[in-house]
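Given next are the chains, with one letter for each unit.
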Amino acid sequence: MQRHLSLYVEKELQHLSIDPFNQRYFSEKKTIRNHMYKYIVKERTSSIDQEELGNKVVMWKSQHPNHNFFFRPFATGDDGEDSKNLLFVHQTDSQSNFLKKYGNVVLMDATYKTMKYMLPLFFLVVKTNNDFQVVASFIIQSESSADIGEPLEVIKQWNPEWKYQNCMTDYDESEIHAIEKVFPGCSVFLCDFHREQAWERWFSKSDNGCRAIKGDVLPCLRRIAHANSERLYQQAVADLCKSNHWKSHTNLQKWFQNKWLNHSEKWVWAFRKNEIKLNIHTNNGIERMNQAFKYDALRMKHHHSLTEMVRRLVEEFLPESFKSMAHQIRVSEDNNDQKP
């Protein structure tokens, strides 16, 4: 940004003969960063919108005393430095019951472009006997490990009987660190879909110099990922390391060793617990929930206010999801009753 500003002054304002030490036109990096940060904050929040959402939360708490809501609007300190990021967390009593019953394995993922602000919406999802169901949701202003950990801590306090044992997520280090800090002992596994997506993107990036060998190497990496025993895993790794492509591409060696092999317990099938192997290998269930929310509740419109997006989540999407699941359960029970 500093370079672009300097070029603009030199080209568009050269007739003014501006002193290069004039910080009004040639600002320091710190000044530019401060202005950029203020703009981002302005784009992400609206005091009027936040006030309206706060009023909605008060109303929802009154209407649904058994539901859990937590809302904190964004606010800056008196000195302009200390600030509290926006946070919204929500869980119904039904969601809490489903989390307690099916929460041995929880999927977590963020969805974007749900409103006019750049705020991610996170879903916690479980796999029931019939379908995938959202069991908690939260909106944060920043995707740092601390900001992700705070709503997880809130949900943990709301559900003291729930033991977060297994989580499936994408390869986001902030998410992984937050989960492992808030829930010590929780095993974090990487979603196959996002792993495959990350590999495809890395090989397709020309700067990595491996685009030409993508078709030969990706099947080798998949054999490592899908190995069902430690012996097969070790054999698949050995086969990769003996290949000419591996030996001749140091970028491939550094990337795959440091980013993937050093964390193989999170993505290789051989190291997954039985409940993960039997039920879930991918976050596709949560992806379907994300898409259903965008298509059905938001109708693929991204200009909604924060309040309107949350209203559609709380008043329309979640109740309809549970109604649909209840219908599926009744149909399933009726079919079982009709069997001879």
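The text that follows walks through the structure, step by step, so that each part is easy to find. Keep in mind that what you see is a predicted model, and the values were worked out from it rather than measured. (Residues numbered from 1 in each chain as written. Predicted model: local features only at pLDDT ≥ 70, side-chain atom pairs only at ≥ 80, totals over all residues. Heavy atoms only, no water.)

With respect to the overall build of the protein chain
Worth spelling out the cut-off: Helix numbering and strand numbering both begin at the N terminus, where a helix is a DSSP run of H or I of at least 4 residues and a strand a DSSP run of E of at least 2. A 1.4 Å probe rolled over the protein chains alone gives each residue an accessible area, and that area as a share of the maximum for its type sets the label: buried under 20%, exposed over 50%, partly exposed in between. Contact definition: two residues touch when any of their heavy atoms are within 4.5 Å. Only the protein chains shown count as cover for residues, and the accessible areas themselves come from Shrake-Rupley with a 1.4 Å probe.
Secondary structure summary: the protein chain contains 14 helices and 9 strands in total. Counting across all 340 residues of the protein chain, residues that qualify as buried make up 44%. The contacts in the protein chain between residues at least 6 apart in sequence include a share of 61% that link residues at least 24 apart. Surface exposure of the protein chain reaches about 18,900 Å², of which carbon and sulfur atoms provide 49%.

Let's talk about the state of the cysteines
To keep things clear, this is the line we draw: Note that a disulfide, as used here, is simply two cysteine sulfur atoms within 2.5 Å.
Under the counting rule described, the total for this entry stands at 0 disulfides. Here Cys186 is not cross-linked by a disulfide; its sulfur's nearest cysteine counterpart is in Cys167, at 5.6 Å.

Things to note about helix 6 (residues 173-182)
Let me state the cut-off plainly: This arc corresponds to the set of directions leading from the helix axis out to the C-beta atoms. Residues adjacent in sequence count toward polar contacts only when both atoms are side-chain atoms; beyond that, a polar contact is any pair of N or O atoms within 3.5 Å, and within protein one must be able to donate a hydrogen and the other to accept it.
Those residues of helix 6 not exposed but buried are Glu175, Ile176, Ala178, Ile179 and Val182. Along the long axis of helix 6, the arc covered by the buried residues comes to 165°, so they all point the same way. Tucked inside the fold, the buried residues of helix 6 contact strand 5 (105-111), strand 6 (121-127), helix 5 (145-158), strand 8 (166-169) and strand 9 (187-190). N-capping of helix 6 is provided by Asp172, with a side-chain oxygen placed 3.0 Å from the backbone N of Ser174.

Overview of the pairing of strand 6
To keep things clear, this is the line we draw: Here, strands pair whenever DSSP counts at least two bridges between them.
Counting buried residues along strand 6, 6 of its 7 residues qualify, which places the element largely inside the surrounding structure. Sheet topology note: the strand 5/strand 6 ladder contains 5 bridges and is antiparallel. If you follow Thr111 over to strand 6, its bridge partner there is Leu121.

Some points on the pattern of salt bridges
For clarity, the cut-off: One side-chain nitrogen of Lys or Arg within 4 Å of one carboxyl oxygen of Asp or Glu is enough to make a salt bridge.
Applying the stated rule across the entire model yields 16 salt bridges. For the salt bridge of Arg72 with Glu150, the shortest nitrogen-to-oxygen distance reads 2.6 Å. You can see Arg72 sitting in strand 1 (residues 68-72) and its partner Glu150 sitting in helix 5, a full 78 residues away along the chain. A relative accessible area of 28% places Glu150 in the partly exposed class. What emerges from the salt-bridge pattern is a single network uniting Asp192, Arg195, Glu196, Glu200, Lys214, Arg222 and Arg272.

Side note on the nonpolar core
Basically, it comes down to this: Put simply, buried Ala, Val, Leu, Ile, Met, Phe, Trp, Tyr and Cys residues joined by side-chain atoms within 4.5 Å make one nonpolar core.
Membership of the largest hydrophobic core comes to 57 residues, with the highest contact counts inside it found for Leu152, Phe203, Phe256 and Trp267. No other element matches the 6 residues that helix 8 (residues 214-225) contributes to this core. Once residues lying within four places of it in the same chain are set aside, the contact partners of Trp267 are Leu190, Asp192, Arg195, Trp199, Ile224, Ala225, Phe256, Trp260, Leu261 and Arg272. In this structure, Tyr117, Met289, Val310 and Val314 belong to the second largest nonpolar core, which totals 31 residues.

A word on the environment of Asp93
Counting through the fold element by element, Asp93 comes out in helix 4 (residues 93-102). For Asp93, a relative accessible area of 31% gives the class partly exposed. Of the polar contacts made by the side chain of Asp93, one reaches the side chain of His67; its length is 3.4 Å.

Keep in mind these values describe shape, not function.
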